[in-house]
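So the chains spell out like this:
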Amino acid sequence: MSAQRQLRFRALERAAGRRVLGLRRRGKYLLGELDGGLELVAHLGMTGSFRFRGEADGWQPDAYVRATFTLDDSSAASNSAVEARNLGASVLDFRDVRRFGTLAVVPAGDYRGLVTLAALGPEPLSDDFDPVRFHAALGRSRMAVKPWLLTQRPVAGVGNIYADEALWRARINPHARRVGRERSLALWTAIREVLSEAIQREGTTFRDYRMVNGESGRNADFLVAYGQAGRACRRCGTNLRKVVLGGRGTTYCPWCQRR
DNA sequence: CTAACTACCTGAACGC
DNA sequence: TGCGTTCAGGTAGTTA
């Protein structure tokens, strides 16, 4: 087993026999509180998904299942557990084609080695995400605004899709290193709107992303920037442009989002 | 400390 | 059809 593999699946065997006391989400991380002072940390990476194995759903494990959780109780008060009961399932598969996902069991709250989680910014839809502090942090950063958002430090949970969408709404050039107060407030608002709407539509599915019951999210049809290069901007009609910024594909309107 | 690279994987889409 | 290249929703480790 390579060092990388060890990083992606850390001490997972320590979850065996543990009771799941609670589940919560922080940014893109799913955190399970286990007994014995342990915590299960899960991240889907780019192609990961959790799937309940059940007859109603018809899902059967394939070659891309990297881990399997056998559950002996589906009565806990969580949405996932409700799904499990509906599907009559007791086995949860972690499927991940590209193996960029992470599963780790750590002492509760000990995020050494999970640097991004340790330095994770505020939840975007909570009061902790404050527009004044957001603007101040943006002022301290020397990075271009888009890669800065992707670090997860200014705010948790904004990935490549929602960064492009939010910057388009706020009319901010993704390369910008200085953003005025009005525009940074617009970005703060746009991030919350973009994420809220995507959550209402149960996520953005291109290929791999699936809900735990196997259904696709419905947000992909509503994207106005990400994946829309060459198409006309919905505001001004200019053709959207795609560039590489910080190693990530970035689509924006060269007119509305000019510097 | 921050910021910029690179590595990690596999499959789909594309060009010839 | 077949083969090579490029790209993809993210993070962690290394380097400067």
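A short tour of the structure in this document, coming up. It should be emphasised that the depicted structure is a prediction, and the values quoted were computed from it without experimental measurement.

## Side note on the protein's contact with DNA strand C
For DNA strand C, the set of nearby residues contains 24 residues, the closest of which are K28, T116, Y209, Y226 and K242. Restricting the count to atoms of DNA strand C within 4 Å of the protein gives a sugar and phosphate share of 61%. H43 is positioned with one of its side-chain polar atoms (N or O) 2.7 Å from a phosphate oxygen of DNA strand C. One of the backbone nitrogen or oxygen atoms of N160 is found 3.0 Å away from a phosphate oxygen of DNA strand C. Within the residue set of the surface near DNA strand C, elements represented by two or more residues are α1 (3-8), α3 (115-118) and α6 (160-170). Here the surface near DNA strand C is built from residues that sort into ten nonpolar, seven polar and seven charged.

## Things to note about the packing of α6 against helix α7 (residues 181-200)
In contact at an axis separation of 8 Å, α6 and α7 are set at 130 degrees when each is read in the N-to-C sense. With respect to α7, the axis of α6 lies oblique. As for the relative orientation of α6 and α7, their crossing is right-handed in sense. Two secondary-structure elements touch here, α6 through Y162, E165, A166, L167, R169 and A170 and α7 through R183, A186, L187, A190, I191, E193, V194, L195, E197 and A198. Looking at the contact of α6 with α7, its residues break down into eleven nonpolar, no polar and five charged.

About the cut-offs
- Residues numbered from 1 in each chain as written.
- Chains lettered and ligands numbered in written order.
- Predicted model: local features only at pLDDT ≥ 70, side-chain atom pairs only at ≥ 80, totals over all residues.
- Heavy atoms only, no water.
- Near = heavy atom within 4 Å.
- Polar contact = N/O pair within 3.5 Å; in protein donor to acceptor, adjacent residues only side chain to side chain.
- Helix = DSSP H or I, 4+ residues; strand = E, 2+ residues; numbered from the N terminus.
- Nonpolar A, V, L, I, M, F, W, Y, C, P; charged D, E, K, R; others polar.
- Axes fitted to C-alpha atoms, helices over the stretch in contact; angles between N-to-C directions.
- Parallel < 35°, antiparallel > 145°, perpendicular 65-115°, else oblique.
- Left-handed = near helix turned anticlockwise from the far one by under 90°.
- Contact = heavy atoms within 4.5 Å.

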